[in-house]
Number of protein chains: 2
Amino acid sequence: MTRTGERTTVTSAAVLDSALTLFAELGYHGTALSQIAESLEVRTPSLYNHMRGKQGLLLTIVRGTVTGVLDDFAAATDGLTDPGDKLRAAVRAYALRHASHRREAIVVNRDTSSLDEPHRSEMQELRRRHDHALRAIIEEGVTAGRFSVDSPALASFAIREMCVSVARWFRDDGPRTADQVADEYTDFAMRIVGSR
Amino acid sequence: MTRTGERTTVTSAAVLDSALTLFAELGYHGTALSQIAESLEVRTPSLYNHMRGKQGLLLTIVRGTVTGVLDDFAAATDGLTDPGDKLRAAVRAYALRHASHRREAIVVNRDTSSLDEPHRSEMQELRRRHDHALRAIIEEGVTAGRFSVDSPALASFAIREMCVSVARWFRDDGPRTADQVADEYTDFAMRIVGSR
DNA sequence: CCTACCGATCGGTAGG
DNA sequence: CCTACCGATCGGTAGG
């Protein structure tokens, strides 16, 4: 059935996946709906059977990713009480996500600001929530005398961005698995906060 | 002479500065030349007396920044032989630049890929050169038994992106000076590589 | 799923 | 520095 010129019915998931790839590569404003249509071998108007519009695609991508990050964080740290254990688990989950959902991470980081209001503010608020949760762990560790860092805020920024960068260079066919990278970045994070 | 409705003659530098601000805020593809013109209180065609075109603005920004990064690196590490000293100096210069040239850093990181060929490849090559130089210091330190890190490549990525992130949150009117931030990030870098 | 088409806006040029 | 204007392309709609 998979012969040349075949006609695969387009689905919402396929449109979203194509948007994800193109937004990640060319940016939201650098991608035309005609390119998404072309990659799916349909005409642009046909896309409107599977999406609300260009903004809708971006919102779906961003919302799904930021809520996923928050869910990851909650699941990873659930039940843990030691600040070291919590930081390790939180960073590991965050780094792992950036290796396994590279396109999503790139789009969220570059294009969340291209969302129309009120969605932009909503999504930025959700991102801040994760930011604060990570910082709280570091502050907790400092207070408990387990971490040694001058500014928890700076350490938190540094750790976050370090993880985000994984999305930009990780390759599935590279020399390291996502797990290995996540482990190594977790070690970096523990070193940054001076864990002992 | 600075009364309302005044007519300040537009210069190339003014066009570039306005482009820098708008590209950093809205992205290259998200910025229209009409917005740059509006911010300078002239009509769009007038811009062409001071630039080659939109691509020319982007190239000027990117080229100036990446060569500046390379020059910073050379000046900072010149004459140093100890890997610890070299890494400290290189990271300090890189972090400092991201605090003091925020807009440039944001544009280079987000929009270098929007450059037309052959400039895109040229600029990416220059960025790689800095990348390799930083990594070489780490490898040197590991070989000399001064640093302790599993993968110099991963550590190098982590340190670079950590510095880049400074451009995204640093404020001149914030609680920390650029120097203080650079110092703290340098310490983070030394911790990441396990300097001893 | 398509063709036909919309108004808006884009970067850029002509010509003064 | 401007007005006038260019072709191209954008996201999206009508209507089937």
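As the structure is a prediction and not an experimental result, all values here were calculated from the model.

Definitions and limits used
Residues numbered from 1 in each chain as written. Chains lettered and ligands numbered in written order. Predicted model: local features only at pLDDT ≥ 70, side-chain atom pairs only at ≥ 80, totals over all residues. Heavy atoms only, no water. Helix = DSSP H or I, 4+ residues; strand = E, 2+ residues; numbered from the N terminus. Least-squares fit on C-alpha atoms with pLDDT ≥ 70 in both. Contact = heavy atoms within 4.5 Å. Phe/Tyr/Trp six-rings, centres within 6.5 Å; stacked < 30°, edge-to-face > 60°. Lys NZ or Arg CZ within 6 Å of the ring centre and 35° of its normal. Near = heavy atom within 4 Å. Polar contact = N/O pair within 3.5 Å; in protein donor to acceptor, adjacent residues only side chain to side chain. Nonpolar A, V, L, I, M, F, W, Y, C, P; charged D, E, K, R; others polar. Domains from an automatic or database assignment. Buried area = accessible area lost by both parts, 1.4 Å probe. Salt bridge = Lys/Arg side-chain N within 4 Å of Asp/Glu carboxyl O. Core = buried A, V, L, I, M, F, W, Y, C linked by side-chain atoms within 4.5 Å. Buried < 20%, exposed > 50% of the residue type's maximum accessible area, 1.4 Å probe, protein only. Axes fitted to C-alpha atoms, helices over the stretch in contact; angles between N-to-C directions. Parallel < 35°, antiparallel > 145°, perpendicular 65-115°, else oblique. Left-handed = near helix turned anticlockwise from the far one by under 90°.

Bringing the environment of A:T177 into the picture now. Tracing the backbone shows A:T177 in the loop between α7 (152-169) and α8 (178-192). C-alpha of A:T177 to C-alpha of A:S100: the two residues are 77 residues apart in sequence and 9.9 Å apart in space.

Attention now moves to the relation of the copies chain A and chain B. Between chain A and chain B, which share one sequence, the superposing operator has a rotation angle of 180° and an axial displacement of 0.0 Å; the RMSD is 0.0 Å. Within this description, the copies of the chain are treated as partners about a two-fold rotation axis. Taken together, the interface assignments show that 100% of the residues at the interface of chain A recur at the interface of chain B, consistent with an identical surface on both copies.

Under the defined criterion, the tally for this structure stands at ten aromatic pairs over all chains. An aromatic cluster is built from A:F157, B:W169, B:F170, B:Y185 and B:F188, whose rings are joined through pairwise contacts. Over the face of the ring belonging to A:Y28 we find A:K54, whose NZ or CZ atom lies 4.4 Å from the ring centre. The ring of B:F157 carries the charged tip of B:R135 above its face, separated from the ring centre by 5.6 Å.

Quick look at the protein's contact with DNA strand D now. Among the 16 residues in the neighbourhood of DNA strand D, the closest are listed as A:Y48, A:K54, B:S46, B:N49 and B:H50. Counting only atoms of DNA strand D within 4 Å of the protein, the fraction found in sugar and phosphate groups is 65%. Between a phosphate oxygen of DNA strand D and a main-chain N or O atom of A:L33, the distance comes to 3.0 Å. Contact between DNA strand D and B:H50: a phosphate oxygen at 2.7 Å from a side-chain N or O atom of the residue. Here the surface near DNA strand D is built from residues that sort into seven nonpolar, seven polar and two charged.

Residues and elements named next belong to chain A. By the assigned domains, chain A splits into domain 1 (12-49) and domain 2 (57-192). Using C-alpha coordinates to define each centre, domain 1 is positioned 27 Å away from domain 2. Taken together, the contact pairs 15 residues of domain 1 with eleven residues of domain 2. Across the interface of domain 1 and domain 2, roughly 1100 Å² is buried in total on both sides, 74% from carbon and sulfur atoms. For the pair domain 1 and domain 2, the number of links is one salt bridge.

Moving on: the nonpolar core. Ranked by internal contacts, the top residues of the largest apolar core, which has 65 residues, are A:L87, A:Y185, A:F188, B:L87, B:Y185 and B:F188. With near-sequence residues (within four places) excluded, B:F188 lies in contact with A:V149, A:L154, A:A155, A:A158, A:I192 and B:M162.

As a further point, take the interface of chain A and chain B. With 27 residues of chain A at the contact, the number on the chain B side is 27 residues. Buried surface at the junction of chain A and chain B, both sides included, amounts to about 2300 Å², of which 61% is carbon and sulfur. Taken as a group, A:L154, A:F188 and A:R191 account for 26% of the area that chain A buries against chain B, more than any other trio of residues on that side. A:R168 serves as the salt-bridge partner of B:E161, at 2.4 Å between the closest nitrogen and oxygen. Linking chain A to chain B there are twelve residue pairs in polar contact (both at pLDDT 80 or more). Mapped by element, the contributors of at least two residues to the side of chain A that touches chain B are α7 and α8 of chain A. Here the element with the most residues in the side of chain A that touches chain B is α7(A); it accounts for ten residues. Broken down by class, the residue content of the side of chain A that touches chain B amounts to 14 nonpolar, six polar and seven charged.

Our next topic: the packing of helix α4 (residues 83-100) of chain B against helix α7 (residues 152-169) of chain B. Residues and elements named next belong to chain B. At their nearest, the axes of α4 and α7 sit 7 Å apart, and the two run at 25° to each other. Taken together, α4 and α7 sit at an angle that is classed as roughly parallel. Of the two elements, α4 crosses α7, and the hand of that crossing is right-handed. Mapping the contact onto sequence places V91, Y94, A95, H98 and A99 in α4 and I159, R160, C163, V164, V166 and A167 in α7. Of the residues contributing to the contact of α4 with α7, the split by class is nine nonpolar, one polar and one charged.

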